[in-house]
Amino acid sequence: MFILLIFLFIPSCAVHYKESERAKGIYHCVKNGETLWGIAQVYNTDIQDLAEINNITDPRLIKADSVLFIPGADQAVDLSRPVEKSESSVKRKLSSSKKVEKKIPSRQEIKRKTVYMAKGKTKPHVKLMFDSKRFIWPVKGKVVSRFGIQPSGMKYNGINISAREGTPVVAAAGGTVSYSAPLRYFGDTIIIKHEDEYATVYAYLKGRKVEAGDSVKKGDQIALLGKPENSSGPYVHFEIRCGNKARNPLFFLPQ
């Protein structure tokens, strides 16, 4: 699986890619009573990022014994015995700050706070951000590969939507085409820049109908769906990025 890394510059657009790369982070086994919010707090990670990378659309539905990928973490934390890890993490964070004004919490304070969060006794009903009105589906079809961590441990920055070869592919939102050309490993690829630093990526196309610099409206046909080499069937690879950060398209597309 290849991952597309896109850097959008004004007025030009440079496209960089890498072969598949192992995601940076660790796996956390959810225990009874733990919540997504508590886990995010303990690992000091953004709950939205945690939900998107694990394809969790409702934070209340995580179950005991399920496994979550924690992006950026380097060591698993046992939330029932968090003292040593939490205290050392707090000390490192404070020592790296230029202005140290807060007192380092005591061992008991850290333990109480961490267990309190782990049991979901604060903010038990965290609402995730969905923006289903900004984009539309680029093609009508079935999602055959989801965003986030794959069973192989690789991070995937988009979704694959399967449909019949030659199916029209449309712009998910209005904007300006910043890239329209063949790209190694991805075939014909189109990138559209939108408002608020958003961009969408469409790969494995054929019959591109737009060129770099063209303005498009939401729903305009930009290409036809192609068939990647060595694949069992045709599909389009679709990404949504904000400030060059890959976001989970299923959090931004109509349900």
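Our subject is the structure listed above.
Remember, it's a predicted structure, so these values are computed and weren't measured experimentally. (Residues numbered from 1 in each chain as written. Predicted model: local features only at pLDDT ≥ 70, side-chain atom pairs only at ≥ 80, totals over all residues. Heavy atoms only, no water.)

Q: Whenever I open this one, the overall build of the protein confuses me. Can you help?
A: Broken down by element type, the protein carries four helices and 16 strands. Within the protein, buried positions represent 46% of all 255 residues. If you take every contact in the protein between residues at least 6 apart in sequence, the share linking residues at least 24 apart comes to 65%. (Helix = DSSP H or I, 4+ residues; strand = E, 2+ residues; numbered from the N terminus. Buried < 20%, exposed > 50% of the residue type's maximum accessible area, 1.4 Å probe, protein only. Contact = heavy atoms within 4.5 Å.)

Q: What am I meant to see in the side chain of H194 here?
A: Mapped onto the elements of the fold, H194 is located in the loop between β11 (187-193) and β12 (198-206). For H194, a relative accessible area of 9% puts it in the buried group. Of note is the side chain of H194, whose polar atom sits 2.8 Å from the backbone oxygen of G174. A polar contact of 3.4 Å, which involves the side chain of H194, links it to the backbone oxygen of I192. (Polar contact = N/O pair within 3.5 Å; in protein donor to acceptor, adjacent residues only side chain to side chain.)

Q: How should unusual backbone geometry be read in this particular structure?
A: Note: most residues except glycine have negative phi, and most peptide bonds are trans. Although it is not a glycine, N55 adopts a positive phi angle of roughly 55 degrees. Classification of N55 as partly exposed rests on a relative accessible area of 26%. A positive phi angle is found at E197, which is not glycine, with a value near 65 degrees. Of note, E197 is situated in the loop between β11 and β12.

Q: What's the story with the environment of L183 in this structure? I'm lost.
A: Residue placement: L183 occurs in strand β10 (residues 175-183). With 21 residues separating them in the primary sequence, L183 and Y204 have C-alpha atoms 9.2 Å apart.

Q: Just to check I follow, could you spell out the nonpolar core for this structure?
A: In a soluble, globular protein the nonpolar side chains are often hidden away together inside. Ranked by size, the top nonpolar core spans 48 residues in total, and within it I39, I190, Y202 and I222 carry the most contacts. Elements represented by at least two residues in this core include exactly α1 (36-42), α2 (47-53), β4 (67-71), β8 (159-162), β11, β12, β14 (221-225) and β15 (235-242). At five residues, α1 tops the list of elements feeding residues into this core. Among the nonpolar cores identified, the runner-up in size contains eight residues, and Y179, L183, I191 and V201 belong to it. (Core = buried A, V, L, I, M, F, W, Y, C linked by side-chain atoms within 4.5 Å.)

Q: It is not clear to me how the environment of L68 should be interpreted in this structure. Could you clarify?
A: As for its position among the elements, L68 is in strand β4. For L68, a relative accessible area of 4% translates into the label buried. Separated by 13 residues in the primary sequence, L68 and N55 place their C-alpha atoms 9.8 Å from one another.

Q: Any chance you could explain the packing of aromatic side chains here in plain terms?
A: Geometrically, a pair of aromatic rings is defined through the distance of the ring centres and the angle of the planes. In this structure the tally under the stated criterion is eight aromatic pairs. Ring geometry for F135 versus Y198: centroids 5.8 Å apart, planes at 65 degrees, classification edge-to-face. Taken together, the residues span a long stretch of sequence, with F135 in the loop between α4 (107-118) and β5 (142-145) and Y198 in strand β12 at a distance of 63 residues. By relative accessible area, which is 8% here, Y198 ends up buried. Through a chain of ring-to-ring contacts, three or more aromatic side chains come together here, namely F135, Y198 and F252. (Phe/Tyr/Trp six-rings, centres within 6.5 Å; stacked < 30°, edge-to-face > 60°.)

What is shown is where atoms sit, not what they do.
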